[in-house]
Amino acid sequence: MLLFGKFNAGDALALELGTIVSDAISRLTGKKNTPLIGLDISSTSIKLVELSEGANKELRLERYASESLPRGAIADGNIENIEQVAEAIRRVVAKSGTKIKKVSLGMPSAAVITKKIVLSGGASEASLEMQVESEASQYIPFALDEVRLDFCVIGPVPNSEEDVEVMLAASRKEKIEDRIAVAEVAGLKAEVMDIDSYAARAAISRIIAQSENGGKDKIIALFQIGAKVTHISVILNDDTVYEREQAFGGNQLTQEIVRSYGLTFEEAELKKRSDDLPEGYVDDVLTPFLESAALEVTRAIQFFFTSTPYTRIDQIYLAGGSVVLPGLLDMVASRTKISTAVISPFKGMELSSNVKEKQLRTEAPSFLVACGLAMRRFD
């Protein structure tokens with residue numbers, strides 16, 4: 001049974017979900033350009049993005065919003081309290097003002113197994129399904145009746161045109177069903193399921209395409225600094241050639257504020273965002289965190305060099321809520337000696353009257369995944 005593709009009417013999930021990936025390996029079931037919002041459910045917040053088609057068929061940002069989650073509502077990518085998460089989704093929908101009920105949801109990259117495999121070409125989709133199910137047991141460390149499978153044909157295998165390269169994806173049933181259930185409790189309908197890292201890649205690919213020569217042959221490193229984890233992706237000609245996660249994130253700064261000033265975690269997080277902290281904060285707390293962040297980026301790049309054939313990176317993009325901290329961009333650029341920029345996934349989009357441009361500049365880097373999910377409307 002497919003994970004993110006077409007479902008039979010009698011399937012337990014009873015959904016018409018899209019496939020997992022964008023670009024050459026994506027397809028969206030149902031009508032093209034069906035109104036759809038992107039909903040990024042992370043460990044600390046819910047982020048929502050609504051896009052539409054503007055003038056000259058350019059993307060238009062209609063609405064975006066975020067809402068914090070109670071601590072522990074999601075742990076290690078698992079939804080621990082469906083009602084708390086659903087309530088946060090209801091709040092973020094109300095805050096955004098969207099009327100759209102169909103959503104594109106993301107799955108944490110760690111919750112999905114992906115594998116490129118080679119199968120015999122010329123077969124029907126039904127035959128390919130049988131081949132995929134037969135091959136899947138070699139790559140999935142669970143019983144097949146415990147997972148949802150999906151696949152998509154990428155294209156002919158170089159130097160072997162009789163065979164085709166296929167992307168296989170699999171995730172535990174309960175992880176898929178929890179996200180679908182929490183959307184339903186919040187009054188929404190899950191229409192598409194994607195993988196967070198693929199959604200982020202879809203969003204950044206659009207930005208890369210706007211660069212000189214469309215970014216051709218440029219090796220680009222994307223660092224998404226989340227609350228607990230930094231996700232590293234290295235992209236070359238729209239292909240992800242390297243991915244890794246490191247246990248480092250903005251919560252480490254929050255915890256240091258808690259220790260230094262005797263605040264609760266919630267108070268520390270609020271004061272961190274509003275820049276309302278005592279004298280000495282920059283030198284004693286913020287600067288050491290920035291140095292640690294720059295060191296993490298440098299180490300990740302060195303690990304990339306030693307574990308792959310590549311010996312250069314041409315551009316670093318930073319994303320996530322922490323990347324707007326004053327001084328981080330300059331420190332990373334100084335330490336790595338590589339051109340570095342904070343990314344806005346909404347660059348080049350039209351902005352509706354609902355969007356406050358000044359506020360967007362600060363908040364945009366944390367909406368990379370939500371933007372990529374919202375872009376599935378146009379697949």
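Since we're looking at a predicted model, the values are computed, not measured.

## Quick word on the overall build of the chain
Okay, so step 1: Tallying secondary structure elements over the chain gives 10 helices and 16 strands in all.
Okay, so step 2: Here the C-alpha radius of gyration of the chain, 21 Å, is about what a compact globule of 379 residues would show, namely 21 Å.
Okay, so step 3: Burial status across the chain gives 50% buried among its 379 residues.
Okay, so step 4: Taking as baseline every contact in the chain between residues at least 6 positions apart, the subset at least 24 positions apart corresponds to 66%.
Okay, so step 5: Of the roughly 17600 Å² of accessible surface on the chain, 48% is carried by carbon and sulfur atoms.
Okay, so step 6: Each charge class in the chain was averaged separately, 43 positive and 54 negative side chains, and the resulting centres sit 4 Å apart.

## Concerning the sheet that holds strand β9 (residues 160–172)
Whenever strands of a sheet pair, they do so through backbone hydrogen bonds, lying parallel or antiparallel.
Okay, so step 1: Strand order in the open sheet made by the three strands is β7-β9-β8, with antiparallel pairing throughout. With one partner strand each, in any of the chains shown, β7 (112–120) and β8 (147–157) form the two edges of the open sheet. Neighbouring strand axes in the sheet, compared pairwise and without regard to direction, differ in orientation by 25 degrees on average.
Okay, so step 2: Where β8 lies against β9, 10 bridges are found, and the strand directions are antiparallel. Bridging across to β9, D150 finds its partner in A169.

## Topic: the side chain of R377
Okay, so step 1: Within the secondary structure, R377 sits in the segment after α10 (368–374).
Okay, so step 2: For the buried R377, no salt bridge exists, and the shortest N-O distance to an oppositely charged side chain is 5.0 Å, to E50.
Okay, so step 3: Among the polar contacts listed, one links the side chain of R377 to the backbone oxygen of L51, at a separation of 2.7 Å.

## A word on the sheet that holds strand β1 (residues 37–41)
Okay, so step 1: If you walk across this open sheet you meet the six strands as β10-β6-β1-β2-β3-β16, and the pairing is mixed. The two strands at the open ends of the sheet, each matched to only one other strand, are β10 (189–195) and β16 (350–351).
Okay, so step 2: Two strands pair when backbone bridges link them, and β1 and strand β2 (residues 45–53) are joined in this way by five bridges, in the antiparallel orientation. Paired with D40 across the bridge in β2 is K47.
Okay, so step 3: On top of the sheet, helix α4 (residues 196–209) reaches β1, β3 (59–68), β6 (102–107) and β10; it is set at about 80 degrees to β10, its chief contact.

Definitions and cut-offs
- Residues numbered from 1 in each chain as written.
- Predicted model: local features only at pLDDT ≥ 70, side-chain atom pairs only at ≥ 80, totals over all residues.
- Heavy atoms only, no water.
- Helix = DSSP H or I, 4+ residues; strand = E, 2+ residues; numbered from the N terminus.
- Rg over C-alpha atoms; globule rule 2.2 N^0.38 Å.
- Buried < 20%, exposed > 50% of the residue type's maximum accessible area, 1.4 Å probe, protein only.
- Contact = heavy atoms within 4.5 Å.
- Areas by Shrake-Rupley, 256 points an atom, 1.4 Å probe, with all protein chains shown as cover.
- Lys, Arg positive; Asp, Glu negative; His and termini not counted.
- Charge placed at Lys NZ, Arg CZ, Asp CG, Glu CD.
- Pairing = 2+ DSSP bridges.
- Axes fitted to C-alpha atoms, helices over the stretch in contact; angles between N-to-C directions.
- Salt bridge = Lys/Arg side-chain N within 4 Å of Asp/Glu carboxyl O.
- Polar contact = N/O pair within 3.5 Å; in protein donor to acceptor, adjacent residues only side chain to side chain.

Function cannot be read off these values alone, since they describe shape.
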